[in-house]
Amino acid sequence: MKRIPIIIDCDPGIDDTMMLMLAFSREELDIRLITTEAGNLTIDKTTYNALSFLSYINKRVEVAKGLSQPIFRQQEVAEDIHGEGGLGNVEWAVPTFEASERPAIQAMYETLMQAEMPITIVATGPLTNVGALLLAHPEVKAKIARISWMGGAAVGGNMSTTAEFNAYVDPHAVELVMRSGVPIIMSGLDVTHKAYITREEMTQLSQLETPFAQKVANMMNFYTFTQKQTPFNPPYFEEQIRVHDVSAIACLVHPEMYRGDDYFVEVELEGRLTQGATIVDYAKRSGKTPNVHVLHDVEREKFIALFFDAVMKIGNTL
Ligand code: RIB
Ligand code: CA
């Protein structure tokens, strides 16, 4: 099997851990490095959560701690959605290993430059680390196969009515990535809102017998409740739950499940109402060369099957 080498940059966060679960359940993925950044929570919490979750699922990959603040903007976290600890009040494991000596940017740089082939970067938080990497070391661009980012939205938002959280928190990092010339796959809210789990499926999840599945169900119950509180989700979201970050991995292992198109995308850096909005030229009127493959549809049932398969696979290995 030709494996896909990846670096995962994340801000665990409930849905980030579900993304990690899917990634580690897939043999075709060769996970070279995990980096953390501030986003859902402060950098110390996101780094602890990555080490804790990986320790629980018995996976040992270098975890390098990233930047603690957005490039320019003041930090804003999402403890209202993920809980004070960040994993829905679920205790995973006391970490059995520590974060790397190398800071994230150095670890990303060295991993990319030493790789025998270009590496895919999967980014499921603000793009602070990736943006800073590209600014500090533009020579790595040739070593990045593509960036699969959960973030942004062609329409709507969940941090404001116009901006998705990861883009809102650090729009300047988004700008650095969008203008980099590196191929980008964007799993924005347009597609992640369609990859929802129903209440019935949540009930099925809670009936899976492994301790791991029970912890996942508990964490997702917390997430279901807090997602309802998000003021910018349309009311019909009441009975559904969205594990946004999972799509950034799912679209790599099952691209046929997704539909998208190439568009020119730029980001609003400053705006009383529009800061962090990803402006997707989906009418293709700008005349500018498309820089992002924007996903806008997913076969939901296949996505759910993939999710449940990962829960069972990981749960049965512990
Ligand atoms: O808007 C959803 C994104 O913001 C996800 O990555 C979630 O983990 C939060 O970081
Ligand atoms: Ca995230």
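What you see is a predicted model, and the numbers here were worked out from it, not measured in a lab. (Residues numbered from 1 in each chain as written. Chains lettered and ligands numbered in written order. Predicted model: local features only at pLDDT ≥ 70, side-chain atom pairs only at ≥ 80, totals over all residues. Heavy atoms only, no water.)

Attention now moves to the overall build of the chain. On a plain count of helices and strands, the chain comes out with twelve helices and twelve strands. Computed over its C-alpha atoms, the radius of gyration of the chain comes to 18 Å, within 12% of the 20 Å expected for a compact globule of 318 residues. Based on the C-alpha atoms only, the size of the chain along its principal axes is roughly 55 × 45 × 40 Å. The burial tally for the chain puts 60% of its 318 residues in the buried class. (Helix = DSSP H or I, 4+ residues; strand = E, 2+ residues; numbered from the N terminus. Rg over C-alpha atoms; globule rule 2.2 N^0.38 Å. Buried < 20%, exposed > 50% of the residue type's maximum accessible area, 1.4 Å probe, protein only.)

Further remarks concern the site of ligand 1. Lining the immediate environment of ligand 1, one finds 13 residues, of which Asp15, Thr124, Asn158, Glu164 and Asp245 sit closest. Here an oxygen atom of ligand 1 and a side-chain polar atom of Asp15 are 2.6 Å apart. At a separation of 3.0 Å, an oxygen atom of ligand 1 approaches a polar side-chain atom of Asp16. About the coverage of ligand 1: the protein hides 97% of its 270 Å² of free accessible area. Here the residues of the shell around ligand 1 are counted per class, giving two nonpolar, six polar and five charged. (Near = heavy atom within 4 Å. Polar contact = N/O pair within 3.5 Å; in protein donor to acceptor, adjacent residues only side chain to side chain. Areas by Shrake-Rupley, 256 points an atom, 1.4 Å probe, with all protein chains shown as cover. Nonpolar A, V, L, I, M, F, W, Y, C, P; charged D, E, K, R; others polar.)

With that settled, the discussion passes to the coordination of the calcium ion (ligand 2). A metal bound by six donors in octahedral fashion has ideal angles of 90 or 180 degrees, whereas one bound by four tetrahedral donors has an ideal angle of 109.5 degrees. Taken together, the protein ligands of the calcium ion (ligand 2) are Asp11 (OD), Asp16 (OD), Asp16 (OD), Thr124 (O) and Asp245 (OD), with distances of 2.2 to 2.6 Å. Sequence spacing of the donors to the calcium ion (ligand 2): D-x4-D-x107-T-x120-D. Of this pair, Thr124 sits in the loop between β4 (119-123) and α5 (128-136) while Asp245 is found in the loop between β8 (240-242) and α11 (246-253), placing the two residues 121 residues apart along the sequence. With a relative accessible area of 1%, Thr124 lands in the buried category. By relative accessible area, Asp245 is classed as buried at 2%. (Donors = N, O, S within 2.8 Å, 3.2 Å for Na, K, Ca; no water.)

With that out of the way, let us pick up the pairing of strand β6 (residues 184-187). Residues of β6 alternate between two faces, with Ile184 and Met186 on one and Ile185 and Ser187 on the opposite face, all of them buried. For β6 and strand β12 (residues 292-298), the ladder comprises two bridges, and the chain directions are parallel. Along β12, the bridge assignment pairs Met186 with Val294. (Pairing = 2+ DSSP bridges.)

Moving on: the packing of helix α1 (residues 14-24) against α11. At a closest axis distance of 8 Å, the pairing of α1 and α11 adopts a crossing angle of 25°. Classified by the angle between their axes, α1 and α11 sit roughly parallel to one another. Touching Asp15, Met18, Met19, Leu22 and Ala23 of α1 are Val246, Ile249 and Ala250, all from α11. A class-by-class count of the residues in the contact of α1 with α11 yields seven nonpolar, no polar and one charged. (Axes fitted to C-alpha atoms, helices over the stretch in contact; angles between N-to-C directions. Parallel < 35°, antiparallel > 145°, perpendicular 65-115°, else oblique. Contact = heavy atoms within 4.5 Å.)

Here the focus is the nonpolar core. Ile8, Met18, Ile34, Phe212, Met220, Phe303 and Phe307 are the most contacted members of the largest nonpolar core, which has 71 residues in total. Setting aside residues up to four positions removed in sequence, Phe307 forms contacts with Met18, Met21, Ile197, Met220, Val243 and Val246. Ranked by size, the runner-up nonpolar core spans 35 residues in total, among them Leu112, Ala115, Leu127 and Tyr263. (Core = buried A, V, L, I, M, F, W, Y, C linked by side-chain atoms within 4.5 Å.)

Attention shifts here to unusual backbone geometry. Negative phi is the rule for most residues except glycine; trans is the rule for most peptide bonds. Even without glycine at this site, Asn58 takes up a positive phi of about 55°. Turning to its location among the elements, Asn58 is positioned in the loop between α2 (43-56) and β3 (63-65). Overall, Asn58 belongs to the exposed group, its relative accessible area being 59%.

Another point: the pattern of salt bridges. Pairing is possible between side chains of opposite charge, provided their charged atoms come close. Scanning all chains against the criterion turns up 16 salt bridges. Residues Glu62 and Arg102 are paired through a salt bridge, measuring 2.6 Å at the closest nitrogen-oxygen approach. One end of the pair, Glu62, is in the loop between α2 and β3; the other, Arg102, is in the loop between α3 (79-82) and α4 (104-114), and 40 residues separate them in sequence. Taking the relative accessible area as the measure of exposure, Glu62 reaches 25% and is therefore partly exposed. (Salt bridge = Lys/Arg side-chain N within 4 Å of Asp/Glu carboxyl O.)

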